[in-house]
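Working through the structure, step by step
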Amino acid sequence: MCWYSLSYYSTPPYVPRILRRFLGDEKITFVGILNHMDEKKLLMSERQLYVTNLVNLSNFGTSGNGSSRGSMENLVRVFLGFSGVAKDPVVGRSNWKAKNLSHDQVQYACVDAHVSAEIGKKLEAWNYKC
């Protein structure tokens, strides 16, 4: 689950208790790419969402596989075998607090969450504690 999808839940009048329990469950590992600020953003949001076991997959890098470390494009190419998958920085810096997200924002969040989950499974990210 990525910050972009969670940021949507930080704006309604309340956050369902089940979502808070899910995010705080120590048996669940949350993964993302270049997500080192996500935990802080959620905690500092109006709804103060706390996330346990957040793993930044970019820390794994890809240097052992003949590539530079960190970016989603490199991680996807090395660990999933696809090229050309990248985060558009214009979409990344767009208004994620908008009442209705654009098609590009939804696609960005879906691709980010999906490839993060797939890479997290491949790397068995649940074995790495924050």
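As shown above, the structure is provided for reference.
Reference entry: report on the structure contained in this document. (Residues numbered from 1 in each chain as written. Predicted model: local features only at pLDDT ≥ 70, side-chain atom pairs only at ≥ 80, totals over all residues. Heavy atoms only, no water.)

Overview of the pattern of salt bridges
Just so we agree on the cut-off: A carboxyl oxygen of Asp or Glu within 4 Å of a side-chain nitrogen of Lys or Arg is what we treat as a salt bridge. Each residue is assigned to one of three classes by its accessible area relative to the maximum for its type, calculated with a 1.4 Å probe on protein chains only: buried under 20%, partly exposed between the two thresholds, exposed over 50%. Labels follow the DSSP assignment, with helices taken as runs of H or I lasting at least four residues and strands as runs of E lasting at least two, numbered in each case from the N terminus.
All told, the structure shown has three salt bridges when counted by the stated rule. A salt bridge links Arg47 to Glu46; its shortest N-O distance comes to 3.3 Å. Given the relative accessible area of 62%, Glu46 is considered exposed. We note a salt bridge from Glu118 to Lys121, for which the minimum N-O separation is 3.1 Å. Residue Glu118 and its partner Lys121 are located together in helix α6 (residues 103–123), separated by three residues, close to a single helical turn.

Regarding the environment of Asn74
You can see Asn74 is positioned in helix α4 (residues 72–80). A relative accessible area of 14% places Asn74 in the buried class. As for Asn74 and Ala86, which are separated by 12 residues in sequence, their C-alpha atoms are 8.6 Å apart.

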